[in-house]
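Here is what each chain is made of, one letter per residue.
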Amino acid sequence: DPTRAPECATMKPSKTGVPSTGQGNEANADALNHLFMELIANAVACNLVGVLTFQFGRGGEHFHFDWLKIPGMRADFHDDIAHKDNGSDATAASVMVEVNKYYAGLVTELGQRLASFPQAEGATALDNSLVVWGNELATGPHGTDGITLAFVGGAAGRLKRTGYMVDVGTQVHQRLGCTIQNLMGVASQSFGWVDNCGPFAGLELA
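Note that this is a predicted model, so its numbers are computed, not measured.

A. Representation of the overall build of the protein within the structure. Along the protein, the regular secondary structure elements total 4 helices and 2 strands. Burial statistics for the protein: of 206 residues in total, 32% are counted as buried. Relative to all contacts within the protein whose residues are 6 or more apart in sequence, the contacts with residues 24 or more apart total 53%. When the accessible area of the protein is evaluated, it comes to approximately 12300 Å², of which 54% is carbon and sulfur surface.

As structure tokens, this is what we get:
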């Protein structure tokens, strides 16, 4: 494969900084998250996978995030922070910001790792990939309006312009699937049970 990075043949995962107290211990969470970013980037850049999904933490996310040492953090992130992030709890809101900054840093790391792999015609693995980062909810009390999504990468040139924010009003969530289909080269105007939803308005697709 001419796009395969030559260093893939000798790529070995890092083993530094991983506590030895067991995978189920939250003390490992930060180190494992960084290792997963490394693993994902290597797998994508070396053409070992075409599509990959990754979830930060288990469903419901009952992390305590002790490793972040966030002021105001309470016993359980899910019950004591996320569910109280309703616009009226300043402490919950500030903790949510710090946790999402942490996740944004991991997504940034993934993008930087992908960008470090050279591929054909002067492109990088990031240019030829698409990272979609989002959450299943917009607000802690199970709000689903205004879910924020981030697209990182060039999708092999199909995402014509990057580095900007799209906010053109309410759009049905099925447009996410439709947009990804088109970015992967599958011409489509529908996704799921929503016919003719089309891709997201405001994006510039090739």
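B. How the structure looks around helix 3 (residues 90-115). Relative to the 38 Å expected for 26 residues at 1.5 Å per residue, helix 3 spans 37 Å between its end C-alpha atoms, a close match to the ideal helical length. In this structure, the buried side of helix 3 is in contact with helix 1 (29-45), helix 2 (77-81), strand 1 (131-133) and strand 2 (150-152). Two or three places before Thr91, at the opening of helix 3, Asp89 has a side-chain oxygen 3.1 Å from that residue's backbone nitrogen.

C. Fine view of the nonpolar core. Membership of the largest hydrophobic core comes to 27 residues, with the highest contact counts inside it found for Phe77 and Tyr103. Among the elements of the structure, helix 1, helix 2 and helix 3 are those that each provide at least two residues to this core. The element contributing the most residues to this core is helix 3, with 10 residues.

D. The packing of aromatic side chains, seen in detail. This model, assessed by the stated rule, comprises 10 aromatic pairs. Residues Phe63 and Trp67 carry aromatic rings whose centres are separated by 5.8 Å and whose planes lie at 85° to one another, so their mutual orientation is edge-to-face. By relative accessible area, which is 17% here, Phe63 ends up buried. Residue Trp67 is classed as partly exposed on the basis of its relative accessible area, which comes to 22%. One aromatic cluster is present, built from ring pairs that chain together Phe36, Phe54, Phe56, Phe63, Phe65, Trp67, Phe77, Tyr102 and Tyr103. A cation sits over an aromatic face here: Arg161 above Tyr164, 3.7 Å from the ring centre.

E. Main features of the pattern of salt bridges. Tallying each qualifying case throughout the model produces 3 salt bridges. Across the salt bridge formed by Glu98 and Lys101, the nearest N and O atoms sit 3.4 Å from each other. Within this pair, Glu98 and its partner Lys101 are both found in helix 3, separated by 3 residues, close to a single helical turn.

F. Up close: the side chain of Glu109. The residue Glu109 is located in helix 3 in this model. The buried category is assigned to Glu109, whose relative accessible area is 13%. Other than its neighbours up to four places away in sequence, Glu109 contacts His34 and Met37.

G. Region of interest: the environment of Ala115. Structurally, Ala115 can be placed in helix 3. The class of Ala115 is partly exposed, set by a relative accessible area of 35%. Ala115 sits 70 residues away from Ala45 along the chain, and the two C-alpha atoms are 9.2 Å apart.

H. Layout of unusual backbone geometry. A positive phi is found at Glu121, a non-glycine position, where the angle reads about 60°. One can find Glu121 in the loop between helix 3 and strand 1. Looking at Glu121, the relative accessible area reads 84%, which means it is exposed. Positive phi values are uncommon outside glycine, yet His142 reaches one of about 60°. On the secondary structure map, His142 appears in the loop between strand 1 and strand 2. Classification of His142 by relative accessible area gives exposed; the value is 51%.

I. Looking closely at a nonpolar patch on the surface. A grouping of Phe36, Leu39, Leu52 and Phe54 is seen on the molecular surface, where their side chains present a nonpolar patch of about 330 Å² in accessible area. Positionally, Phe54 belongs in the loop between helix 1 and helix 2.

J. Seen up close, the environment of Cys178. Structurally, Cys178 can be placed in helix 4 (residues 174-183). Residues within four places of Cys178 in sequence aside, it is in contact with Ser188, Gln189, Ser190, Phe191, Cys197, Gly198 and Pro199.

Rules behind the numbers
- Residues numbered from 1 in each chain as written.
- Predicted model: local features only at pLDDT ≥ 70, side-chain atom pairs only at ≥ 80, totals over all residues.
- Heavy atoms only, no water.
- Helix = DSSP H or I, 4+ residues; strand = E, 2+ residues; numbered from the N terminus.
- Buried < 20%, exposed > 50% of the residue type's maximum accessible area, 1.4 Å probe, protein only.
- Contact = heavy atoms within 4.5 Å.
- Areas by Shrake-Rupley, 256 points an atom, 1.4 Å probe, with all protein chains shown as cover.
- Expected span 1.5 Å × (residues − 1).
- Polar contact = N/O pair within 3.5 Å; in protein donor to acceptor, adjacent residues only side chain to side chain.
- Core = buried A, V, L, I, M, F, W, Y, C linked by side-chain atoms within 4.5 Å.
- Phe/Tyr/Trp six-rings, centres within 6.5 Å; stacked < 30°, edge-to-face > 60°.
- Lys NZ or Arg CZ within 6 Å of the ring centre and 35° of its normal.
- Salt bridge = Lys/Arg side-chain N within 4 Å of Asp/Glu carboxyl O.
- Patch = residues over 30% accessible without salt bridge, like charges linked within 9 Å, V, L, I, M, F, W, Y side chains within 5 Å.

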